[in-house]
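The lines below spell out each chain.
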Protein chains: 2
Amino acid sequence: MRIVILGSGNVAFHLAKAFCEKKIPVLQIFGRNETALKEMLEKFNIPYSIKELSEADLYIIAVNDDAIAGISKTIISENALVAHTSGSLPKEILEGNYRKASFYPLQTFSKSKDLTYADIPFFVEADDEKDLDLLKDLASKISENVMISDYEKRKYIHLTAVFACNFVNHLFARAKEISDSQNIPFGYFLPLIDETVQKINEIEPRSAQTGPAVRNDQRVLKLHEALITNEEHLKIYKTMNESIKKMYEL
Amino acid sequence: MRIVILGSGNVAFHLAKAFCEKKIPVLQIFGRNETALKEMLEKFNIPYSIKELSEADLYIIAVNDDAIAGISKTIISENALVAHTSGSLPKEILEGNYRKASFYPLQTFSKSKDLTYADIPFFVEADDEKDLDLLKDLASKISENVMISDYEKRKYIHLTAVFACNFVNHLFARAKEISDSQNIPFGYFLPLIDETVQKINEIEPRSAQTGPAVRNDQRVLKLHEALITNEEHLKIYKTMNESIKKMYEL
């Protein structure tokens, strides 16, 4: 099977790397950012082009959501299967006379951060059974966790991920602003953060809740509000505490 | 040194367990909840009382913030050092004619969840050098990470921990409500959550931010807002995204 990856960002990089590790040949990486493409050529020995898209059996479009439709038009082969990697778009966003599919890895990707691909859940979608099997087989070579999911389900998976990953990371960033402001090394908090996550592997997050809001500890809540000087911090502080109180009917 | 722990909750339990593991003798655990005290007697072989507080050299008060002042009055010995384990109270909350101190472990404790005590940062505070050394030595037997911290610093440590732990856990609980509503197993998200945390051990959280808000992806933000049916979820969604946009000046 001739595979082409379109894109040169974080997702394209990690797909290329995962395929390379599993010795799955990739015919070409097609993109605009030649520096990034050269890096992938060097690292994973995959040819690239910024001009001519090779003919292939499977095209995987791993670009930002708003670039998917545009780049999908450059694929003219009618015999191909074309999949995008977005969690928040239907496969019908793809514009062309080919078979449309979705190949969605549920993970947060940064080029500089290594990943264990076997752990990453992959959600695949295609119109016919044969294409679905093809995508499932391909994903299964990388990951131990491959599932079928249509767009209706995928968009909720993506929304859940925004709460559980993107917002969580932002809380870390805001927390670090507070500790930085007092010259407290953020490293002090890493064991606590690690434990917070380890806990929910064993306990329901609802049952694992600790802190002043779930104790309805008005003194500490007021103390913290008085300590906070940043308006955004205060908004987060109040919103999260209100939500905690509502969840536990306090 | 004769050590007495006051309390029978999560912090008292884990302190007793840590002392037991390191073969640091504890003379008594004093508390109200006899079931919990009996459990600690059985598990850690530490005598308990619900009526008579033994005379000791060091009393560690590991109870909820609002119970500290009350229980501190039961200590009548003037020769003792008395420390509480709260992150959000000064040592002066303690009411008695003894030497006052703080012994604050930065961690989230649940009885049912085992911990690696060596990783837990301990922050200690006392009025004189000798007491400070005593608390540092004691904490160092449990943890590799012992620091001195006065109340001014400690309350910011606690505030940071609320953002980085309590609020993060609440996001997990809210995320699970979304995935539950669509019959999506929350286990799918554990590798993503794990990676979100692993990442900030290597990259600044500010630089690790991903998701629709930091891309200023209006389509996905609107899609998600339309998917959300729970009012509290929507408030969190909007507050967090606004804060992300402010941080990156979008």
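Quick look at the structure, then. What you see is a predicted model; the values in this text were computed from it and never measured. (Residues numbered from 1 in each chain as written. Chains lettered and ligands numbered in written order. Predicted model: local features only at pLDDT ≥ 70, side-chain atom pairs only at ≥ 80, totals over all residues.)

What about the interface of chain B and chain A?
So, step 1. Contact with chain B, which involves 78 residues of that partner, is made by 78 residues of chain A.
So, step 2. For the side of chain B that touches chain A, the elements supplying multiple residues, two or more each, are α3 (65-72), α5 (151-181), α6 (190-200), α7 (218-227) and α8 (231-247) of chain B.
So, step 3. Per element, the largest residue contribution to the side of chain B that touches chain A is 24 residues, and it comes from α5(B).
So, step 4. Here the side of chain B that touches chain A is composed, by residue class, of 39 nonpolar, 20 polar and 19 charged. (Contact = placed C-beta atoms within 7 Å. Helix = DSSP H or I, 4+ residues; strand = E, 2+ residues; numbered from the N terminus. Nonpolar A, V, L, I, M, F, W, Y, C, P; charged D, E, K, R; others polar.)

Examining the relation of the copies chain B and chain A
So, step 1. Superposing chain B onto chain A takes a rotation of 180 degrees combined with a translation of 0.0 Å along the rotation axis, leaving an RMSD of 0.0 Å. Taken together, the rotation and translation describe the operation of a two-fold axis. Considering only C-alpha atoms, the residue of chain B closest to the rotation axis is B:Val168, which sits at 2.8 Å.
So, step 2. Most of the interface of chain B is mirrored in chain A, where 100% of its interface residues again form contacts. (Least-squares fit on C-alpha atoms with pLDDT ≥ 70 in both.)

Here we look at unusual backbone geometry
Glycine aside, residues mostly have negative phi, and peptide bonds are mostly found in the trans state.
Residue and element names in this part refer to chain B.
So, step 1. Non-glycine residue Asn183 carries a positive phi angle of around 55 degrees.
So, step 2. Note on placement: Asn183 falls in the loop between α5 and α6.
So, step 3. Its identity as a non-glycine residue notwithstanding, Glu249 has a phi of 55 degrees, on the positive side.
So, step 4. Along the chain, Glu249 falls in the segment after α8.

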